[in-house]
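Descriptive analysis of the structure
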Amino acid sequence: MIRTPEALIPYILAAAVVLGGMAWHLGDSVGGLGRTVTFGQATIGGPFALTDQNGKSYTDKDLRGHWTLLYFGYTHCPDVCPLTLQLMGDVMDKLGAKATRVTPLFITVDPARDTPDVMKQYVAAFGKNFVGLTGSEAQMAPVLKEFRVYAKKRPIAGGDYAMDHSGSIYLMDPNGKFAGTYEEVLGPDKIAADLKTRL
Ligand code: NI
């Protein structure tokens with residue numbers, strides 16, 4: 001069957017209703033619980049109160065007013081975390097003048113070892129604008145849940161432990177809402193190019 005433009009109107013109206021409903025939902029979320037909703041994506045994000053690398057309070061409200069590249073990991077991570085943070089640093093460099101609109105943010109999944117002082121020393125190695133957040137176990141639990149981060153302690157030789165954890169880079173928009181994820185495999189050029197189109 002060939003649809004004439006007139007025949008398409010009911011479909012366009014239906015789409016408008018769906019989009020309108022979505023917009024309402026998004027609008028509602030801004031002043032509400034801080035939850036985020038995006039097309040075809042799981043709900044990611046929510047209220048939190050953590051401590052930055054300078055010992056200052058940092059909450060979900062501090063995500064507003066700038067874009068955020070957000071990564072969860074831990075400073076004792078032997079491989080993936082440092083590589084990913086290096087990647088985020090490279091992306092920041094490639095953004096040029098637009099880098100001022102983006103905050104690279106690292107949240108630890110190992111707060112017992114990653115104190116603000118440890119975080120400060122660690123994030124400084126990846127770029128001067130990096131923010132590193134930590135908190136008590138009680139503060140961390142809701143954050144991991146809201147951002148759907150998997151993190152589990154795994155004993156290793158010598159009585160030490162590693163943290164198994166999930167690892168996508170989240171992009172949060174200037175309303176503090178989840179906008180999407182970047183996988184590390186994309187590399188800094190592609191991520192920076194995509195990000196530039198959004199800034
Ligand atoms: Ni790691």
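Relevant structure appears above.
Throughout what follows, the structure given in this document is the object of discussion. (Residues numbered from 1 in each chain as written. Predicted model: local features only at pLDDT ≥ 70, side-chain atom pairs only at ≥ 80, totals over all residues. Heavy atoms only, no water.)

**Some points on the sheet that holds strand β5 (residues 131-133)**
One open sheet accounts for 5 strands, arranged β5-β4-β3-β8-β9; its pairing is mixed. Edge strands, defined here as strands with exactly one partner in the open sheet, are β5 and β9 (178-182). Each strand axis lies, on average, 25 degrees off the axis of its neighbour in the sheet, ignoring direction. When strand β3 (residues 67-73) meets strand β4 (residues 102-108), the two strands line up parallel, connected through 7 bridges. Each bridged residue has a counterpart across the sheet, and for T68 the counterpart in β4 is T103. Where helix α2 (residues 80-94) meets the sheet, its contacts fall on β3, β4 and β8 (169-172), and the angle it forms with β3 comes to roughly 170 degrees. The sheet strands contacting helix α5 (residues 187-198) are β3, β4, β8 and β9, and the helix crosses β9 at an angle near 165 degrees. (Pairing = 2+ DSSP bridges. Helix = DSSP H or I, 4+ residues; strand = E, 2+ residues; numbered from the N terminus. Axes fitted to C-alpha atoms, helices over the stretch in contact; angles between N-to-C directions. Contact = heavy atoms within 4.5 Å.)

**Here's the deal with the pairing of β3**
Counting buried residues along β3, 7 of its 7 residues qualify, which places the element largely inside the surrounding structure. Residues W67, L69, Y71 and G73 point to one face of β3 and T68, L70 and F72 to the other, with burial holding for every one of them. Read as a crossover between parallel neighbours, the route from β3 over α2 to β4 is right-handed. Relative to β8, β3 runs antiparallel, the two sharing 3 bridges. The residue of β8 that forms the bridge with L69 is L171. (Buried < 20%, exposed > 50% of the residue type's maximum accessible area, 1.4 Å probe, protein only. Right-handed = clockwise from strand over helix to strand, strands pointing away.)

**Quick word on the packing of aromatic side chains**
Throughout the structure, instances matching the rule amount to 9 aromatic pairs. Seen in terms of ring centroids, F48 and F147 are 6.2 Å apart; in terms of plane orientation they differ by 65 degrees. Their pairing is edge-to-face. Of this pair, F48 sits in the loop between α1 (5-31) and β1 (49-51) while F147 is found in the loop between α4 (137-146) and β6 (151-155), placing the two residues 99 residues apart along the sequence. Classification of F48 by relative accessible area gives buried; the value is 6%. Judged by relative accessible area, which is 1%, F147 ranks as buried. These aromatic residues form a ring-pair network of at least three members: F48, F72, F147, Y170 and F178. Sitting over the face of the ring of Y161, R113 holds its NZ or CZ atom 3.7 Å from the ring centroid. (Phe/Tyr/Trp six-rings, centres within 6.5 Å; stacked < 30°, edge-to-face > 60°. Lys NZ or Arg CZ within 6 Å of the ring centre and 35° of its normal.)

Note that every value here comes from positions in space, so none of it alone points to a role or purpose.
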